[in-house]
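As a plain string of letters, each chain reads:
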Amino acid sequence: MNLPLAASSGERKSSPRPWVLPNRALTLYYGCPEMPRLSHYFLPRVLLEEKRILYLDGANQISPLLVARFARDRGVDPSAFNCLIRVSRAFTCFQLTELIRRVPKFLETFDPNVLIITALPDLFFDEDVRDREARASFEHALEGLAKLAALPVSIAIFSDATSFKTSRRDFLHRLCKQANEVVKVEARPGAELSFTCEKATPLLTI
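Residues numbered from 1 in each chain as written. Predicted model: local features only at pLDDT ≥ 70, side-chain atom pairs only at ≥ 80, totals over all residues. Heavy atoms only, no water.

Quick look at the pairing of strand E6 (residues 114–118) now. Of all five residues making up E6, five are buried, and the element is well covered by its neighbours. Residues Val-114, Ile-116 and Thr-118 line one face of E6 and the alternating positions Leu-115 and Ile-117 line the opposite face, and both faces are buried. Sheet topology note: the strand E4 (residues 53–57)/E6 ladder contains five bridges and is parallel. Residue pairing in the sheet places Asp-57 in a bridge with Thr-118 of E6. (Buried < 20%, exposed > 50% of the residue type's maximum accessible area, 1.4 Å probe, protein only. Helix = DSSP H or I, 4+ residues; strand = E, 2+ residues; numbered from the N terminus. Pairing = 2+ DSSP bridges.)

Looking at the secondary structure, you find Thr-166 in the loop between strand E7 (154–158) and helix H8 (170–178). Sequence separation between Thr-166 and Glu-127 is 39 residues; the distance between their C-alpha atoms is 8.6 Å. A polar atom in the side chain of Thr-166 sits 3.0 Å from the backbone nitrogen of Arg-168. (Polar contact = N/O pair within 3.5 Å; in protein donor to acceptor, adjacent residues only side chain to side chain.)

In terms of nonpolar packing, the biggest core is built from 37 residues, with Leu-56, Ile-117, Leu-120 and Leu-145 touching the most fellow members. Of all the secondary-structure elements, those providing two or more residues to this core are strand E3 (26–30), E4, helix H5 (93–101), helix H6 (103–106), E6, helix H7 (131–148), E7 and H8. Here the element with the most residues in this core is H7; it accounts for six residues. Here Leu-145 is in contact with Leu-26, Ile-100, Ile-117, Leu-120, Ile-155, Ile-157, Leu-175 and Gln-178, once residues within four sequence places are set aside. Formed by 29 residues, the second largest nonpolar core is a distinct cluster that contains Leu-38, Leu-66, Val-67 and Phe-81. (Core = buried A, V, L, I, M, F, W, Y, C linked by side-chain atoms within 4.5 Å. Contact = heavy atoms within 4.5 Å.)

As a further point, take the pattern of salt bridges. Tallying each qualifying case throughout the model produces 11 salt bridges. Salt bridges sharing common partners tie together Asp-131, Arg-135, Arg-168 and Asp-170. (Salt bridge = Lys/Arg side-chain N within 4 Å of Asp/Glu carboxyl O.)

A few words now on the confidence of the model for the protein chain. Counting all residues, the mean pLDDT for the protein chain is 87, and 89% of those residues have values of 70 or more. Taking the mean pLDDT of every element in the protein chain, the minimum, 38, falls on strand E1 (residues 5–6) and the maximum, 98, on H5. Below pLDDT 50 for its whole length, residues 1–11 participates in 28 contacts with residues either more than four positions away or in separate chains. (pLDDT = per-residue confidence, 0-100.)

What follows is about the side chain of Ser-154. Locating Ser-154 in the fold gives a position in strand E7. By relative accessible area, which is 5% here, Ser-154 ends up buried. Here Pro-22 takes part through its backbone oxygen, which lies 2.5 Å from a polar atom of the side chain of Ser-154. Not counting chain neighbours up to four residues away, the residues in contact with Ser-154 comprise Leu-21, Pro-22, Asn-23, Arg-24, Ala-25, Asn-113, Val-114 and Leu-115.

The following block contains the structure:
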């Protein structure tokens, strides 16, 4: 997949390092239907620095073959990358909420530098789930994320929420409000992508 970048125009700022995850921040990437797959392209830099990744996959998109290709392209044995990633899959909004709330438990056996979450809040748009239950579960997910904000970990959420027609679109607005950084990714002619930073909140230092 060829992913050249295009400069963004307008008042919002183009992301100067689009494939680099911010340190110790909750960053939301949204706007492009391919966002869950694009999450893979943030992995090589992290893995080459021998940092550990906890990947909560609500989009069922994580591809071990693609990760292995990244390793071989960089002259690294795929096993060196694989040992740095832990993947937990969620197929319902309730499972994704539970995984988010269980992250502190995961930390007892695996200490990640980066937490990646896909399909948040996408999974909560499931029409088979009643609105009341979906909203309650989403609230618990936000509460779980708020507790993780104090941890020394970079949190990146990759969402395809804008592709859905749903009365629950306020979920995306709630997530944007809670995030430290919000980056909109859009496809441009010529298979290009633009990364536009819509929100950047300075983190407090102690």
